[in-house]
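Residue-level structure breakdown
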Amino acid sequence: MSKSHSFLALSLAAVLAFSGQAFAHAHLTTSDPADKSVVAGSPASLELHFSEELNIRFSGAQITGAGMTEIKAGEATLADEGKTLTVPIPTTLDAGTYSVEWHVLSTDGHKTNGRYSFTVKP
Ligand SMILES: [Cu+2]
């Protein structure tokens, strides 16, 4: 490979890496309850706001309470042009810390996942 060719290859790789970060995957931008927040009372639902439109068939969130107890959530729906994932919480959450593990498929075909937590005040 000549010098100019390897430079071109490097530039292309840099451009791809940058565009991948900027446009590609659905990133969690904000949520309600927010990460590490303390809320008064049990939330009726989770709202997760993403940077990209999601495919609902392959997107969801799992809520886990103290002692790894699984919280049964309702059926997730999309709003806000497919960028907001709403997960109903039909049960009343006791005081304590809950973790939310989300996984989504954006409409560009990329999967992302993550985790955050919030606390329900006694
Ligand atoms: Cu992507």
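Before reading further, recall that the structure is shown in the block above.
All residue numbers refer to positions counted from 1 along the written sequence of the respective chain. Local features in a predicted model are, by the rule used here, given only for residues with pLDDT of at least 70; side-chain atom pairs are given and counted only at 80 or more, and totals for whole chains, interfaces and linings are based on all residues. Hydrogens are left out, water is left out, and the side-chain values use all remaining heavy atoms of the structure.

A few words now on the overall build of the chain. Within the chain, the regular secondary structure consists of one helix and nine strands. Counting helices and strands in the order they occur from the N terminus, the chain gives α-β-β-β-β-β-β-β-β-β. Relative accessibility thresholds used throughout: buried, under 20% of the residue-type maximum; exposed, over 50%; partly exposed, between the two (1.4 Å probe, protein chains only). In the chain, which comprises 122 residues, the proportion classed as buried is 30%. Residues are treated as being in contact if the distance between any of their heavy atoms lies within 4.5 Å. When contacts within the chain are restricted to residue pairs at least 6 apart in sequence, those whose partners lie at least 24 apart make up 61%. Approximately 7,700 Å² of the chain is accessible, and the part contributed by carbon and sulfur atoms is 58%. Numbered from the N terminus, helices here are DSSP runs of H or I no shorter than four residues, and strands are runs of E no shorter than two. Every accessible area reported is derived by Shrake-Rupley at a probe size of 1.4 Å, with residue values counting cover from the shown protein chains alone.

Salt bridge, as used here, is a side-chain nitrogen of Lys or Arg placed within 4 Å of a carboxyl oxygen of Asp or Glu. Scanning the model with the defined rule gives two salt bridges in all. The closest approach of N and O atoms between Asp35 and Lys36, which form a salt bridge, is 3.1 Å. According to the relative accessible area criterion, Asp35 is partly exposed, its value standing at 38%. Across the pair Glu101 and Arg115 runs a salt bridge whose closest N-O atoms are separated by 3.2 Å. Of this pair, Glu101 sits in strand β8 (residues 96-105) while Arg115 sits in strand β9 (residues 111-121), and the two are 14 residues apart along the sequence.

This paragraph deals with the sheet that holds strand β5 (residues 70-71). A pair of strands is considered paired only if DSSP assigns at least 2 bridges between the two. One open sheet holds the five strands; their spatial order is β2-β9-β8-β4-β5, and the pairing between them is mixed. Two strands in the sheet have a free side with no partner beyond their single neighbour: β2 (38-40) and β5. Sheet topology note: the strand β4 (residues 60-64)/β8 ladder contains five bridges and is antiparallel. Bridge pairing links Thr64 to Ser99 in β8.

Each Phe, Tyr or Trp ring, with Trp reduced to its six-membered ring, pairs with another whose centre is within 6.5 Å; inter-plane angles below 30 degrees give stacked pairs, above 60 give edge-to-face pairs, and intermediate values give tilted ones. For the structure on display, the rule yields two aromatic pairs. Ring centres 5.0 Å apart and planes at 75° place the aromatic pair Phe50 and Trp102 in the edge-to-face group. Taken together, the residues span a long stretch of sequence, with Phe50 in strand β3 (residues 45-50) and Trp102 in strand β8 at a distance of 52 residues. A residue is classified by how much of its surface remains accessible, and Phe50, at 4% relative accessible area, is buried. Judged by centre distance (5.9 Å) and plane angle (25°), the rings of Tyr98 and Phe118 are stacked.

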